[in-house]
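# Close look at the chain arrangement
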Amino acid sequence: MKNRIISAAAALLFLAGIAAGCAVGGNPSVTTDDNKNSAGTTDTEPTQTTSGGKKDPVEYHYKNASLQENGKRLAFGVLNDINLFEPDTEVRYYISFSGKKLTGKVATVTIESDQLAYDIVKNHKLEGTEIVDSFVPKMNGIYRLRLKIVGDETELKFSIGVVPRNKTANPEFIFSCQPCLARVFTGRYSVLGQSSVDRQAASMIKTIEYMGFNGIREDAIYWGDFQPTMDSEMNFGLFDRLLETANSHGQSLIYIIGTPPEWAYKEKYKNDTEICYNVCPEKEYWEDFCREVAVHTRNVERGKLIWQIWNEPDGEFFHGTSEEYCELLDIGARTIRQYDPDAYIIGPGLVAPINQERAEWWSKDTFPMGNTIKKLLDDKILDAYAHHLHYPFDDNFFEYMENGIGLVQRTCGLGTTGLFNTESGVCSSDNAWCATENVAKALYFRARGYKDFTVFAFSSSIEEFDGWTMFNGYLQPRESVIAYSTMLRFVGQATEHETICSDRSLFADIYYDGEKSVVTVYYDGEQKTGKGTLVLPEGKDYTAYNIYGNKKALASNEITASADCVYIVYDGKVSASDFSFRTGKITET
């Protein structure tokens, strides 16, 4: 077994947190007067006067850490829109300060990284109001900046990521994430260190664009935000802003509809407001809502907006019966299709637990939902269906594929291609392991006929990193950001795919983008799985890269698979027939 296991307790705590965070009114945005942050320093771009008398904007001060206490005001961050940087380029950091207790002191900035042979240490005397300095990282990775005032206990720190900027992935496959951008617009979530909603949204969408994603999955402009009361006119202002923000930065918007307001609850559930915020609505209200959204968005280019009807209705996110959900799915999908014939509609993100095992919050049968999805697919009402998978890339993962979603597919006659995996992540304090698992899962689904993979989760709402997220609340990256960006760099532009070997001991696939071929090599990472070997063709030049996109030297033309994906890049096109391989054996313990 792998040495990282998601405990049931951790998963339960996380799900409870998501439920609380999704509820209307949760996680209010943080704003202050005069666009000031908590350190008392401004988050907007200052101006400088040139010799011609004009005022030009200075680089944006992205605040990553701050302190305001006992007459000291201190802010520490980078001069950039986001916390990601190209290798071999200057990374400029700043220290803004005020207060007699700081003036004249020496601030030591230490830059640490696994990619550095030794730490970079710089001393700055605090004179004036701001210090700006820089360093030039050569390799991809996470770089940690730590500021300490000499002779004082004051210490601030933050992390940045160094990885090449990617082109937006092409439409061949949707590489999506779930950034909670809608929650920024509705005040249910804040990017720390930035006081204006515009700035928070900009840092988030620019980070997504930099990494090369081409889709975002969102939900938190709820039905009640569109229509607070039964008599309210539908208000699409926030939704239109979200859609425009996504599309203008190259992102398709996968939008989950559901989450009825209390006034729309089915009569028998009117008193169940404390049980679940996704309560079954009255059919006529639901049909009216779906008609309104379809009419409003029917001129949106197909693929720019993808409707997903509900989140995990066979799990904890639907209060009602399986039969009641099936009726809502049928009404919602057919209504949207009627009023927008060109709409892109997918089914719910199914939990589909292994062998339909029940937990306290999994009380609904997935099979009726699968049968309804099959009928809607056959009638060409739905374009695709979706499921979720939060297991690591280990025995549990493959058991789920066989007896979780696989069981639903076999029982209900559902196809196995064109699917959306609209939520998939792992949880661990070891983010290098999270990076390994998320990359392996994304590549697995990309190579097996899926249409989408949504990595989960994007960012936390606090300064600390939780076990699921790629970024913390300041959008400071972890190792999984570098690994995922690297994966998007190498396969995000592919238009052709060919499998060399698909075995738990060796997964080897070729991705061709019209100019170069990238071979991905990895295995399931289980200790009991004997590692397979890929034999490279003789006489063909290549460059090898590790999971973080740094060049990797190979001792021979044979690669033994590891849990961390290795990328082999060739100029031009190569074929599976150019390679040979040896699979390993699985030893049962």
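The shown structure was predicted, so the numbers you read here are calculated from the model rather than taken from an experiment.

## Quick notes on the overall build of the protein
- If you tally the helices and strands in the protein, you get 12 helices and 27 strands.
- Within the span of the protein, comprising 589 residues, buried residues form 56% of the whole.
- In the form shown here, the protein has an accessible surface area of approximately 23,700 Å², with 47% of it arising from carbon and sulfur atoms.

## Notes on unusual backbone geometry
- Residue A457 is reached from F456 by a cis peptide bond, and omega for that bond is 0°.
- Phi is positive for C180, close to 65°, though the residue is something other than glycine.
- With respect to the helices, strands and loops of the structure, C180 is situated in the loop between β12 (174-177) and α2 (181-186).
- One non-glycine residue with positive phi stands out, namely E312, at about 50°.
- With respect to the element layout, E312 can be found in the loop between β15 (305-309) and α7 (322-339).
- A relative accessible area of 7% means that E312 is categorised as buried.

## With respect to the side chain of S485
- Within the secondary structure layout, S485 lies in helix α12 (residues 479-491).
- Exposure remark for S485: the relative accessible area of 1% places this residue in the buried category.
- If we skip the residues at most four places from it in the chain, S485 touches V163, N166 and M211.

## Examining the environment of S577
- Within the secondary structure, S577 is located in the loop between β26 (566-571) and β27 (580-582).
- The sequence separation of S577 and I500 amounts to 77 residues, and the corresponding C-alpha distance is 7.8 Å.

## Notes on the packing of aromatic side chains
- In this structure the tally under the stated criterion is 44 aromatic pairs.
- Between W223 and W286, the ring centres sit 6.0 Å apart and the planes meet at 50°, which makes this aromatic pair tilted. Linking W223 in helix α4 (residues 223-226) with W286 in helix α6 (residues 283-297), this pair joins segments that are 63 residues apart in sequence.
- Here the guanidinium or amino end of R199 rests over the ring plane of Y60, the centre of that ring lying 3.8 Å away.

## Re the pattern of salt bridges
- Under the definition given, this model contains 30 salt bridges.
- In this structure, the salt-bridge partner of K268 is E324, at a minimum N-O distance of 3.1 Å. With K268 in the loop between β14 (252-257) and α6 and E324 in helix α7, the pair connects residues that are 56 residues apart, well separated along the chain.
- Judged by its relative accessible area of 56%, K268 is exposed.
- Salt bridges sharing partners connect three or more residues here, namely D330, R334, K375 and D379.

## What about α6?
- With 15 residues, α6 extends 21 Å between its outermost C-alpha atoms, agreeing within 8% with the 21 Å of an ideal straight helix rising 1.5 Å per residue.
- Regarding α6, the residues found buried are W286, F289, C290, V293, A294 and T297. Burial along α6 is one-sided: seen end-on, the buried residues are contained in an arc of 130°.

## Observations concerning the packing of helix α11 (residues 431-446) against α12
- Here α11 crosses α12 at 25°, and the two axes come no closer than 7 Å. When the axes of α11 and α12 are compared, the pair comes out roughly parallel. In the packing of α11 onto α12, the handedness of the crossing is right-handed. Within the contact between the two elements, α11 uses N431, A432, A435, N438, V439, A442 and L443 and α12 uses E479, S480, A483, Y484, M487 and V491.
- Its residues assigned to classes, the contact of α11 with α12 shows nine nonpolar, three polar and one charged.

## Observations concerning helix α10 (residues 405-412)
- Restricting attention to buried positions, one finds in α10 the residues I405, G406, V408, Q409 and C412. Angularly, the buried residues of α10 cover 160° about the axis, an arc narrow enough to put them on a single face.
- Lining the buried residues of α10 we find α8 (366-378), β17 (384-388) and α9 (395-403).
- Taken from the residues just after α10, G413 is the one with a positive phi, measuring 75°.

## Describing the pairing of strand β16 (residues 344-350)
- The element β16 is largely enclosed, with a buried count of seven among its seven residues.
- Here β15 pairs with β16 via three bridges, running parallel. By the bridge assignment, I306 is partnered in β16 with Y344.
- Between the parallel elements β15 and β16, the chain passes through α7 in a crossover that is right-handed.
- Note that β16 and β17 share three bridges and pair parallel. Looking at the pairing, G349 lines up with A386 of β17.

## Focus on the packing of α8 against α10
- Look at α8 against α10: their axes get within 9 Å of each other, and the N-to-C directions meet at 55°. In this view, α8 runs oblique relative to α10, as classed from their interaxial angle. Between α8 and α10 the crossing geometry is right-handed. Across the interface between the two elements, T366, F367, G370, N371 and K374 of α8 pack against L407, V408, T411 and C412 of α10.
- For the contact of α8 with α10, the class distribution of residues is four nonpolar, four polar and one charged.

About the cut-offs
Residue numbers here run from 1 along each chain, matching the order of that chain's written sequence. Totals for whole chains, interfaces and linings use every residue, but because this is a predicted model, local features are given only for residues with pLDDT of at least 70 and side-chain atom pairs only at 80 or more, for both listing and counting. Excluded from the side-chain calculation are hydrogens and water; included are all heavy atoms of the structure. Here a strand is any run of E in DSSP of at least two residues, a helix any run of H or I of at least four, and the numbering for each starts at the N terminus. Here's how the labels work: a residue is buried when its accessible area is under 20% of the maximum for its type, exposed when over 50%, partly exposed in between, all with a 1.4 Å probe on protein chains only. In these tables, accessible area is a Shrake-Rupley quantity obtained with a 1.4 Å probe, and a residue counts as shielded only by the protein chains included in the view. Contact between two residues is taken to exist if any of their heavy atoms lie within 4.5 Å; hydrogens are not considered. Any pair of Phe, Tyr and Trp rings, taking the six-membered ring for Trp, is counted once the centres come within 6.5 Å. Such a pair is stacked with planes under 30 degrees apart, edge-to-face with planes over 60 apart, and tilted for the rest. Lysine NZ or arginine CZ positioned within 6 Å of the ring centre and within 35 degrees of the ring normal marks a charge as sitting over the ring. When a carboxyl oxygen of Asp or Glu lies within 4 Å of a side-chain nitrogen of Lys or Arg, that pair is called a salt bridge. One less than the residue count of a helix, multiplied by 1.5 Å, gives the span that helix is expected to have. Read the arc as the range of directions from the helix axis to the C-beta atoms. To get an axis, a line is fitted to the C-alpha atoms, and for a helix only the part in contact is used. The angle between two axes follows their N-to-C directions and goes from 0 to 180 degrees. In these notes the angle categories are as follows: under 35 degrees is roughly parallel, over 145 is roughly antiparallel, 65 to 115 is roughly perpendicular, and the rest is oblique. The handedness criterion is simple: a crossing whose near helix is rotated anticlockwise from the far helix by less than a right angle is left-handed, and one whose near helix is rotated clockwise is right-handed. Gly is put with the polar residues, along with every residue not named as nonpolar or charged; the nonpolar set is Ala, Val, Leu, Ile, Met, Phe, Trp, Tyr, Cys and Pro, and the charged set is Asp, Glu, Lys and Arg. When DSSP finds two or more bridges between two strands, those strands count as paired. Clockwise travel from the first strand over the helix to the second, with the strands pointing away from the viewer, marks a crossover as right-handed.

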